[in-house]
Amino acid sequence: MQEYIEFFQANPVLSIAWVGLFIAVVVTTIKAATSKVVNINTQELTMLMNKQDGKVIDVRSKEDFRKGHIVDAINVPLSEIKNNKATSLEKYKTSPIITVCSAGMTSSQAAQLLVTQGFENVSNLKGGMGDWTAANLPTVKGKK
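Nothing here was measured: the structure is a model prediction, and the numbers come from that model. (Residues numbered from 1 in each chain as written. Predicted model: local features only at pLDDT ≥ 70, side-chain atom pairs only at ≥ 80, totals over all residues. Heavy atoms only, no water.)

Peer 1: Help me get a handle on the overall build of the protein, residues and values and all.
Peer 2: The secondary structure content of the protein amounts to 7 helices and 7 strands. Each helix (α) and strand (β) of the protein, taken in turn from the N terminus, gives the series α-α-β-α-β-α-β-β-α-β-α-β-α-β. The C-alpha radius of gyration of the protein comes to 20 Å, more than 25% above the 15 Å expected for a compact globule of 144 residues. Its C-alpha atoms give the protein principal-axis dimensions of roughly 65 × 35 × 30 Å. Residues counted as buried form 33% of the 144 residues belonging to the protein. A total accessible area of about 9,100 Å² is found for the protein, and carbon and sulfur atoms account for 58% of it. Side chains of the protein give 16 positive and 12 negative charges; the mean places of these two sets differ by 10 Å. (Helix = DSSP H or I, 4+ residues; strand = E, 2+ residues; numbered from the N terminus. Rg over C-alpha atoms; globule rule 2.2 N^0.38 Å. Buried < 20%, exposed > 50% of the residue type's maximum accessible area, 1.4 Å probe, protein only. Areas by Shrake-Rupley, 256 points an atom, 1.4 Å probe, with all protein chains shown as cover. Lys, Arg positive; Asp, Glu negative; His and termini not counted. Charge placed at Lys NZ, Arg CZ, Asp CG, Glu CD.)

Pasting the structure below:
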C-alpha cells in the first residue's frame, strides 16, 4: 500500500488521469446498463423488420441517404429529431424503431432522443451502414 501512495505522490498528473478514466468507464457502464435503447446487429435488424414490422430511421444527411440506404428506410436527419420536428414518426410511437447512421454513433444519440420523446421500442444498429454494407446486405439508391 505504501508503494501506491508513493506512486500517487510522485506522479500526480498520471494518477488524476487514471482516476478520470476509471470514473469514465464506470459512468459509461452504468449508462449502458440503464439505457432503454437496445444496440442490435444486422441480423437482429433484419428480424425486427421482417417479424415485427420494425421501421428503420436513417439519421444521415439526405445526400448520404440517396447514395444508399436500407430498403424501406425513412430519412429523418438528426437535426429534425433534436428540434422535435420529426412529425412523420409520430405514428410509429409504439412500433419497433431502429435508428441507423454511418457508423452507429449519431444514431445512438438519435435513439436516446426518441426515447425521451416518448417512443417505446427503440433500437440502434451497431456499426451503422458500414456494418450493413460490409455484410453484403441489400441497399437502395435514390430518393425515397
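Now that the structure has been shown, the text picks up again.
Peer 1: Give me the lowdown on the nonpolar core, citing residues and values where you can.
Peer 2: Grouped together as the largest cluster of nonpolar side chains are 17 residues, with contacts concentrated most on I81, L89 and L114. When contributions to this core are tallied by element, the ones reaching two or more residues are helix 5 (78–82) and helix 6 (106–116). The element contributing the most residues to this core is helix 6, with 4 residues. Non-local contacts of L114, meaning those with residues more than four positions away in its chain, are made with I81, L89, I97, T99, F119 and V122. (Core = buried A, V, L, I, M, F, W, Y, C linked by side-chain atoms within 4.5 Å. Contact = heavy atoms within 4.5 Å.)

Peer 1: So what's going on with the packing of aromatic side chains? Residues and values would help.
Peer 2: Inspection of every chain in the model, using the stated rule, returns 1 aromatic pair. Plain terms: the ring middles of F7 and F8 are 6.1 Å apart, the flat faces sit at 65° to each other, and that makes the pair edge-to-face. Given a relative accessible area of 37%, F7 falls into the partly exposed group. Across from the ring centre of F119, 5.0 Å away, lies the NZ or CZ of K93, which sits over that ring. (Phe/Tyr/Trp six-rings, centres within 6.5 Å; stacked < 30°, edge-to-face > 60°. Lys NZ or Arg CZ within 6 Å of the ring centre and 35° of its normal.)

Peer 1: Break down unusual backbone geometry for me, with residues and values.
Peer 2: Look at D53: it is not a glycine, yet its phi comes out positive at around 55°. Structurally, D53 is set in the loop between helix 3 (42–52) and strand 2 (55–58). With relative accessibility at 48%, the residue D53 sits in the partly exposed group. Its identity is not glycine, yet N136 carries a phi of approximately 55°, on the positive side. For N136, the position within the fold is in the loop between helix 7 (128–134) and strand 7 (139–140). Looking at N136, the relative accessible area reads 70%, which means it is exposed.

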